[in-house]
Amino acid sequence: MKKLLLFCFLNLVSPGLRAQTTARLKTLDWVLTQLHQRAMFNGVVLYAERGKVLYQKELGIANHTTGEALKPTSAFNLASVSKQFIAMMIMQLGKKGRLRYDDKVRTYLPTFPYDSITIRHLLTHTSGLPEYFELAQQYTGPLDTLTNAGMLQLLADHKPALLFRPGDRWTYCNTGYVLLGSIIETVSGTSVRALFDQQIAQPLKLRNTSVYHLKSGPPPANRVYGFQRQNGRLIPDDLIRLDGVIGDGNVYSSAEDLLKWDQSLYTNKLVKASTLREAFTPVRLNNGTTYPYGFGWAIDRTGTVLDHTGSWVGFNTLIVRNTAKRQTLILLSNSHEATGRQIAEAIMAGEPYRVPTTQLISNASVIDGSGLKARRASVRIRDNRIWEIGDLTPFPNETVTDAKGLTLAPGFIDSHSHHDWGLAKAPDALAVVSQGITTLVVGQDGGGQPVDSLRALLKRQPIAVNLATYTGHAALRTGTMGPRSLYRTAKADELAKMKDLLRAELDKGSLGLSTGLEYESAFFSSRDEVLQLAQVAADAGGRYISHIRSEDIALDDAIDEIIQIGRVTKMPVQISHLKIALRNQWGQSPYLLARLERARAEGVNITADCYPYDYWMSTLRVLFPKRDYTNLASAEFAVNQLFDPAQSVLVQFAANPSYAGKTVGEVARLRQRTNAQTLMDLVAEASAFSENAGGSGSVEGIMGKSMDEPDVVNLLSWPHTNIGSDGAMTGHPRGYGAFTRVLGRYVRDQKIMPLETAIYKMTGLTAEHLGFADRGLIAPGYLADLVLFDPATVSDNAAIGNNTALSSGIQLVWVAGQPVYRSGEATGNRPGVFIGRPIR
Ligand SMILES: [Zn+2]
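Per chain, residue numbering runs from 1 following the sequence as it is written. With the structure being a predicted model, the display of local features is reserved for residues of pLDDT at least 70 and the display and counting of side-chain atom pairs for 80 or more, all residues being used for whole-chain, interface and lining totals. To obtain the side-chain values, all non-hydrogen atoms of the structure were used and water was disregarded.

**Considerations on the overall build of the protein chain**
Condition: In this text, helices come from DSSP runs of H or I with a minimum length of four residues, and strands from runs of E with a minimum of two, each type numbered from the N-terminal end. Note on classification: 1.4 Å probe, protein chains only; a residue is buried when its accessible area is under 20% of the maximum for its type, exposed when over 50%, partly exposed between these limits. Any two residues having at least one pair of non-hydrogen atoms within 4.5 Å are treated as being in contact.
Looking only at helices and strands, one finds 26 helices and 34 strands in the protein chain. Along the longest, intermediate and shortest principal axes, the C-alpha atoms of the protein chain span 110 × 55 × 55 Å. Relative to its 840 residues, the protein chain shows a buried fraction of 58%. The contacts of the protein chain with a sequence gap of at least 6 include a subset with a gap of at least 24, amounting to 72%.

Here it is, written out as structure tokens:
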């Protein structure tokens, strides 16, 4: 009667189910074929219902050396899928009365150094034992093959602490199953391999199934070899020196044999159904709750779907048994790539999945960002990351970009940018992508926006490039002390509040503290105020970057301050836009760099960024280092030492907009006054205009010619200087041309350094200075932020008076694998993300 009912039930629902299964199998076949063509799956897959095979396929090779193809009988290392067989052997011994699950391990293995661990704890991963891998790494040599006896000896000798009291928790544990292997051998008096043949393989007629490890004797017939693909080449990834053990892995089997095994679990062939039931029951922990794992099987919510995966060296395996629907999915792969397994499982469970996409950039001169010499290679991108580099042939239907021998480099990282203020209106970020920049680091010079604002910007308006930020000192001061009382050092309570604000920003992903100590918003802060805030950044694992307190008359003192911060806090410190902006100090760059080298030798991690121009852009007020804007002597000092009035252009002057674009010298002639007097007058007029306008927004700006090119070249060349633009969407030409100017003017034309070194200073070195772990190199696993350019033609075109001209020679720029810039135009892709500080 019961049987009949079941039959009716199946007849009732099976047409729909069958259609669904057929559709899923069709998808599975198509997807696995695609994955195989893209080197993401090599293995066999089998699907059966009620023991009847509905789908079976072998894709790829059994042996990467001979190229022999996989067959239905190919025997794979099951890795952790082996555990269900070990559990079965324990159950068989239990049924014969040779052991009980609640016996202490010590009863069978007297040297086992833990008193309260039982066989049941081992079967269910509740023993609290740590994994044996580290123990073996630490205490055995590179030529020692680890055996079960050897592992037990390691436990006895070192007795590592348990992770928890046995039975309190569930933590996957290979050590437990190796111990089960030892218990089987002790109790049976024979090897696991021999007992396995006798108790499991022979009764079930499994012809391609046996135990095999480095100490076991010959491999099974049809043994397949594990491999991994590295940069387009197949290399062995098979048994290692830990594989002299048996218990946690090292049962070999084929898909066909595994189906027989699966079917036997519906019968009494190996043990009775009542015995098996316990293997398929969630383990009960000490506190009465259960965990969905039995004896070598994971169990789903309904209790009807049992599965296990295995991953070890070049093998990835899966068995899923839907015991209610009598469905079986088996997947065995001899590649370290687990993508096929994940997707196959999802497809057959009706869950969402995504097939990775790949693209190839072929025929490139790869400069990888590490400083190594250019090499001819192809680069394969998988989704948003670099996958392979080498001599690579395209997969079927793969998107290929022919680099035609041009230079492929990591996308440039601008460690000092103010471009964020224009991004909402210019989300394609043409100013920067046209220079090859893919990541902007903002929050510079003590300013910037809170992390939440930047994240909100990216959400509201996706942008083409990535953003990371420091937290600005002056922004903290303004938020705490108010915009009108910044001309003093902070009081204790204000400092405490700033520390809290900074801590909160660091928690949200800020890279660290930035200061702009030359600006009035921070100039009057004490060294102690800055040091205490810097310590907060250091305590969070952050960094310090600074527009130092003086770039001219008090440069020495300002350098001393930042070295001191690095020395006390021990965190990396970086000088922003390193320069010598005092005429009578021109030519002194070797001494400045020697001083920084001394600090480094002492252990201070001090670095710098630098832009490739001999003129800066700032306010007229920085030309009065003592902030005495009405002192004629100071104004005369400024025109003689701090800038060249004939070459320094007012870029903005709200009090008289007609001055914009004119040099200070030209304005002085118009007004028939001296340069010095004109400078004082302009500061006063701008200040009055600002007062009337309510004091918000900038009312004047100047591009000050104040550096000497030989110094610029030395500062750029210092091994610890990375390139930064200090640029914005408007103003100084550096916002549109800093990086291409280095590549054109300084590398190609003046040959101040090899191209590889310049690229390193724009990518790998910069990433190191920022603590970015997976950007700045062309290397497997790194984000696919890339730039393709022509070193023969690359150049900046932005100049004073034409400050937003795009660069030449940058062909193609990718961010996270998506092209964002192609031959002079934005593509409209906006894959930029916020890069938070990597938390240690
Ligand atoms: Zn600055």
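**Some remarks on the packing of helix H19 (residues 589-602) against helix H23 (residues 709-717)**
This is how it is decided: Between N-to-C directions, angles span 0 to 180 degrees; the directions come from axes that are lines fitted to C-alpha atoms, helices contributing only their stretch in contact. Note on angle classes: values under 35 degrees are labelled roughly parallel, values over 145 roughly antiparallel, values of 65 to 115 roughly perpendicular, and the remainder oblique. Each crossing gets its hand from how the near helix is turned against the far one by less than a right angle, where anticlockwise is left-handed and clockwise is right-handed. Residue classes follow a fixed rule: Ala, Val, Leu, Ile, Met, Phe, Trp, Tyr, Cys and Pro count as nonpolar, while Asp, Glu, Lys and Arg count as charged, and any other residue, Gly among them, counts as polar.
Running from amino to carboxyl end, H19 crosses H23 at an angle of 25°, the nearest separation of the two axes being 9 Å. By the angle between their directions, the pair H19 and H23 is classed as roughly parallel. Classified by chirality, the crossing of H23 by H19 is right-handed. Residues Ser589, Pro590, Leu592 and Leu593 of H19 form the contact with H23, whose own contacting residues are Asp711, Asn714 and Leu715. Class assignment for the residues of the contact of H19 with H23 results in four nonpolar, two polar and one charged.

**Structural notes on the sheet that holds strand E19 (residues 412-414)**
In any sheet, the strands associate via hydrogen bonds between backbone groups, in a parallel or an antiparallel arrangement. Short version of the rule: Pairs of strands are assigned from DSSP output, requiring at least two bridges between the strands.
Strand order in the open sheet formed by three strands is E19-E20-E21, and the pairing between neighbours is parallel. Only two strands of the sheet have a single neighbouring strand rather than two, namely E19 and strand E21 (466-469). Averaged over all pairs of adjacent strands, the angle between strand axes in this sheet comes to 20°, irrespective of strand direction. Taken together, the three bridges between E19 and strand E20 (residues 437-442) define a ladder with parallel strand orientation.

**Brief notes about the coordination of the zinc ion**
Here is the rule: Atoms are scored as donors when they are N, O or S and lie within 2.8 Å of the metal, with 3.2 Å used for Na, K and Ca; no water is included, so coordination may look incomplete. In short, tetrahedral needs four donors with all angles between 85 and 135 degrees, square planar needs four and octahedral six donors with opposite donors over 155 degrees apart and all other angles between 65 and 115, and whatever is left is irregular.
Coordination of the zinc ion by the protein comes from Asp445 (OD), Asp445 (OD), His547 (ND1) and His577 (NE2), over a distance range of 2.0 to 2.6 Å. Because the angles between the four donor atoms bound to the zinc ion fall within 54 to 134°, the donor set is best described as irregular. Mapped onto the sequence, the donors of the zinc ion take the spacing D-x101-H-x29-H. Here Asp445 is found in the loop between E20 and helix H13 (451-460), whereas its partner His547 is found in strand E24 (residues 543-547), with 102 residues between them in sequence. Here His547 falls in the buried class, since its relative accessible area comes to 4%.

**Observations concerning the pairing of strand E31 (residues 786-789)**
Along E31, one buried face is formed by Leu786 and Leu788 and the opposite face, lined by Val787 and Phe789, is buried too. Where strand E18 (residues 407-410) and E31 come together, four bridges link them in antiparallel fashion. For Ala409, the partnering residue across the bridge sits in E31 and is Val787.

**Side note on the sheet that holds strand E12 (residues 315-322)**
One open sheet accounts for six strands, arranged E2-E1-E13-E12-E11-E10; its pairing is antiparallel. In this open sheet, the two edge strands, each paired with only one partner strand, are strand E2 (52-59) and strand E10 (298-299). Bridge analysis of E12 against strand E13 (residues 327-333) gives seven bridges, and the strand direction is antiparallel. Note on E13: the bridge partner recorded for Thr317 is Leu332.

**Structural notes on helix H9 (residues 255-264)**
Of all the 10 residues making up H9, seven are buried; the element is thus mostly covered by neighbouring parts of the structure. Listed as buried for H9 are Ala255, Asp257, Leu258, Leu259, Trp261, Asp262 and Ser264.

**Comments concerning the environment of Phe789**
Relative to the helices and strands, Phe789 resides in strand E31. When its relative accessible area of 0% is taken as the criterion, Phe789 is described as buried. Taking C-alpha positions, Phe789 is 63 Å from Ser191, a pair spaced 598 residues apart along the chain. Look past the residues within four positions of Phe789 in its chain and what remains in contact with it is Leu406, Thr407, Ala409, Phe412, Leu743, Leu755, Ile759, Val794, Gly809, Ile810 and Gln811.

**Remarks on the pairing of strand E26 (residues 606-610)**
Definition in use: Throughout, right-handed denotes a crossover for which the path from the first strand over the helix to the second runs clockwise when the strands point away from the viewer.
Across the five residues that make up E26, a large majority, five, are buried. Because side chains alternate across E26, one face comprises the buried residues Ile606, Ala608 and Cys610, and the other comprises Thr607 and Asp609, equally buried. Following the chain from strand E25 (residues 573-575) across H19 to the adjacent parallel E26, one finds a crossover that is right-handed. Of the pairings in the sheet, the one linking E26 to strand E30 (residues 721-723) comprises three bridges and is parallel in character. Within E30, the residue paired with Ala608 across the bridge is Thr721.

**Things to note about the pattern of salt bridges**
Oppositely charged side chains are able to pair whenever their charged atoms sit close together. Keep this limit in mind: The salt bridge definition used is simple: a Lys or Arg side-chain nitrogen within 4 Å of an Asp or Glu carboxyl oxygen.
Within this structure, the stated rule accounts for 39 salt bridges. Across the pair Arg120 and Glu278 runs a salt bridge whose closest N-O atoms are separated by 2.7 Å. Note that Arg120 is positioned in helix H4 (residues 119-123) and Glu278 in helix H10 (residues 273-279), a separation of 158 residues in sequence. Relative accessible area serves as the criterion here: at 25%, Arg120 is assigned to the partly exposed category. Residue classification places Glu278 among the partly exposed residues on the basis of a relative accessible area of 32%. Between Arg549 and Glu561 there is a salt bridge whose closest N-O contact spans 2.8 Å. One end of the pair, Arg549, is in the loop between E24 and helix H18 (555-569); the other, Glu561, is in helix H18, with 12 residues separating them in the sequence.

**Topic: the packing of aromatic side chains**
The geometry of two aromatic rings is summed up by the distance between their centres and the angle between their planes. Applied cut-off: Pairing of aromatic rings covers Phe, Tyr and Trp, the last through its six-membered ring, and needs centres within 6.5 Å; plane angles under 30 degrees mean stacked, over 60 mean edge-to-face, and all others mean tilted. Lysine NZ or arginine CZ positioned within 6 Å of the ring centre and within 35 degrees of the ring normal marks a charge as sitting over the ring.
In the structure shown here, the tally under the stated rule is 21 aromatic pairs. Relative to Phe395, the ring of Trp387 has its centre 6.4 Å away and its plane inclined at 55°; by these criteria the two rings are tilted. Each member of the pair, Trp387 together with Phe395, is buried. Linked through ring pairs, Trp170, Tyr172, Tyr291 and Tyr293 together constitute an aromatic cluster. A cation over an aromatic ring shows up here: Arg382 above the ring of Trp387, its NZ or CZ 4.7 Å from the ring centre. Looking at Arg734, its charged tip hangs above the ring of Tyr611, at a distance of 4.7 Å from the centre.

**What to know about the side chain of Asp628**
We apply this condition: Charge assignment in this entry is limited to Lys and Arg as positive and Asp and Glu as negative, and neither His nor the chain termini are counted. The term polar contact refers here to a pair of N or O atoms within 3.5 Å; inside protein, the definition further demands a hydrogen-donor-capable atom paired with an acceptor-capable atom, and it admits residues adjacent in sequence only when both atoms are side-chain atoms.
Relative to the helices and strands, Asp628 is located in the loop between strand E27 (615-618) and helix H20 (632-642). Buried and unpaired, Asp628 has no salt bridge, with Lys626 as the nearest side chain of opposite charge at 5.7 Å. Of the polar contacts made by the side chain of Asp628, one reaches the side chain of Ser634; its length is 2.6 Å.

**Brief notes about the nonpolar core**
Inside soluble globular proteins, nonpolar side chains tend to come together where they are buried. Keep this limit in mind: What is meant by a nonpolar core is a set of buried Ala, Val, Leu, Ile, Met, Phe, Trp, Tyr and Cys residues, joined one to another through side-chain atoms within 4.5 Å.
Among the nonpolar cores identified, the biggest contains 118 residues, and Phe412, Tyr544, Leu623 and Phe789 are the most heavily contacted of them. Residue contributions to this core peak at seven residues, all from helix H24 (residues 734-749). Here Phe412 is in contact with Gln435, Gly436, Ile437, Thr438, Thr439, Phe739, Leu743, Ile759, Met762, Thr763, Val787 and Phe789, once residues within four sequence places are set aside. Formed by 79 residues, the second largest nonpolar core is a distinct cluster that contains Phe76, Leu78, Tyr101 and Ile200.

So, to be careful, I would describe these as geometric facts and stop short of saying anything about function.
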